[in-house]
Amino acid sequence: MSDIRTLGEFIVEKQSDFPHASGELSSLLGSIKLAAKIVNREINKAGLVDITGSVGGQNVQGEDQQKLDVYANDKFKAALEARDQVCGVASEEEDEAVAFNKELNRNAKYVVLMDPLDGSSNIDVNVSVGTIFSIYRRVSPVGTPPTEEDFLQPGHQQVAAGYIIYGSSTMLVYTTGNGVHGFTYDPSLGVFCLSHENMRIPKDGRIYSINEGNYIRFPLGVKKYIKFCQENVPEDDRPYTSRYIGSLVADFHRNLLKGGLYLYPSTATHPSGKLRLLYECNPMAFLIEQAGGLASDGQNRIMDLKPTELHQRVPFFVGSTNMVRKVESFLEMYPDQE
Ligand code: AHG
Ligand code: MN
Ligand code: MN
Ligand code: MN
């Protein structure tokens, strides 16, 4: 029992990593932890209670909104508002950024950007889903409502980021810029326990993760890279293995542990790809770099991109350093769109 370290204990222990933030960031991460437990409880019951399926409308992304998208969005928002450390949130499921109006919230220093339920189309078929979060210090003055500028900061300004994976077990993985740490939820105790301290992604991997159904629409460099992965070159450990769940969190988590590359390129019909820079790519980019890997849009470091709008999409290549470099070199070598 003595060597169990809970997420709460670990965060307090690491507080000195934030000399200027004292307990604020701990309290903020505490609200994320609480909402994660509530969402986890509901996801575990999906199929038994009336929580699966669509709400019958679309979100601002033009996607069918699932009941659990809305549920998770509400729970994370409520938990973040309750603790007074956050002045506003932006979410995949909200058209505009939401400002919290209580005075205590207006005096808060942080904004949170989130994908409350990632992979939501997988929920009805009992496949892993997740939550992704990204935390910034506001740039607008404390005491005023947050502004667009607070939410459109480049990824390298993140102070913390992480995800929860509701998988065969539930885990919370986060970084505050001092490595990546993973905690597994023990439902009987109701606590997240440290299980993966200082996670590192192997520099080389042999898993590639992409929705190959879109092959015909991919840029030429990506098509050539896929063929490279499939070539029979035993001395280079090829062909690689293809693994694609369709939940970014789950695909990312596997590749983080085993080494690999996740790709969501531009396509002929979606020139900026599908994934959202602020809710999906930036937080995953922060995590992967902290774990020793890379995240790129094919040419540029994801965390150096200057966001221009809240729901901006971007091509995304994330994973083992040498695999990201390799796909970038293919895109440079074959610059044609198709
Ligand atoms: P979300 O459920 O938050 O809208 O995200 C879905 C994303 C991501 O989780 C996944 O990797 C990707 O969409 C899958 O897209 P395809 O179905 O086009 O492969
Ligand atoms: Mn969605
Ligand atoms: Mn998502
Ligand atoms: Mn989502």
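Just so it is clear, the model here is predicted, and its values are computed rather than measured.

(A) Summary view of the packing of helix α2 (residues 24–45) against helix α3 (residues 67–82). At a minimum axis distance of 8 Å, the contact between α2 and α3 shows a crossing angle of 155 degrees. By the angle between their directions, the pair α2 and α3 is classed as roughly antiparallel. For the pair α2 and α3, the sense of crossing is right-handed. Between α2 and α3, the residues in contact are S31, L34, A35, I38, V39, E42 and I43 and L68, Y71, A72, K75, F76, A79, L80 and A82, respectively. Of the residues in the contact of α2 with α3, the class split is 12 nonpolar, 1 polar and 2 charged.

(B) The arrangement of the pairing of strand β1 (residues 54–58) in detail. Across the 5 residues that make up β1, only a small minority, 0, are buried. Bridge count for β1 against strand β2 (residues 64–66) is 2 bridges, and the pairing is antiparallel. From the neighbouring strand, S54 faces β2, where its bridge partner is Q66. Count of turn residues in the β1/β2 antiparallel hairpin: 5 residues, of which G62 carries a positive phi of about 80 degrees.

(C) Molecular detail of the domain arrangement of the chain. Here the chain is partitioned into domain 1 (7–196) and domain 2 (207–333). Each of domain 1 and domain 2 has a C-alpha centre, and these two points are 23 Å apart. Top element by residues in the side of domain 1 that touches domain 2 is strand β6 (residues 129–137). It accounts for 5 residues.

(D) Up close: the UniProt feature "binding site: substrate" (unreviewed entry) in the chain. In the numbering adopted here, UniProt assigns the feature "binding site: substrate" (unreviewed entry) to D118, G119, S120, S121, N211, Y244, Y262, L263, Y264 and K274. Along the chain, S120 turns up in the loop between β5 (110–118) and β6. Along the polypeptide, N211 turns up in the loop between β11 (207–209) and α6 (220–230).

(E) Fine view of the sheet that holds strand β12 (residues 241–242). An order of β12-β11-β13-β15-β14 is seen for the 5 strands of this open sheet, with the pairing classed as mixed. Every other strand in the sheet has two partners, leaving β12 and β14 (294–296) as the edge strands with one partner each. Relative to strand β13 (residues 261–264), β11 runs parallel, the two sharing 2 bridges. Paired with S209 across the bridge in β13 is Y262. On the sheet, helix α8 (residues 277–290) packs against β14 and β15 (316–319) and is oriented at approximately 150 degrees with respect to β14.

(F) Geometry of the UniProt feature "binding site: Mg(2+) 2" (unreviewed entry) in the chain. In the numbering adopted here, UniProt assigns the feature "binding site: Mg(2+) 2" (unreviewed entry) to D115, D118 and E280. Taken along the chain, the residues just named run across 166 residues; in space they keep tight, none of their C-alpha pairs more than 8.6 Å apart. The residue D115 is located in strand β5 in this model. Since 29 C-beta atoms lie within 10 Å of it, D115 is described here as buried. Sequence-distant contacts of D115, that is, excluding residues within four places in its chain, are made with E92, T131, I132, Y279 and E280. Relative to the helices and strands, E280 resides in helix α8.

Rules behind the numbers
- Residues numbered from 1 in each chain as written.
- Chains lettered and ligands numbered in written order.
- Predicted model: local features only at pLDDT ≥ 70, side-chain atom pairs only at ≥ 80, totals over all residues.
- Axes fitted to C-alpha atoms, helices over the stretch in contact; angles between N-to-C directions.
- Helix = DSSP H or I, 4+ residues; strand = E, 2+ residues; numbered from the N terminus.
- Parallel < 35°, antiparallel > 145°, perpendicular 65-115°, else oblique.
- Left-handed = near helix turned anticlockwise from the far one by under 90°.
- Contact = placed C-beta atoms within 7 Å.
- Nonpolar A, V, L, I, M, F, W, Y, C, P; charged D, E, K, R; others polar.
- Buried ≥ 20, exposed ≤ 12 C-beta atoms within 10 Å, placed from the backbone.
- Pairing = 2+ DSSP bridges.
- Domains from an automatic or database assignment.
- UniProt positions renumbered as here; feature names shortened; annotations may be inferred.

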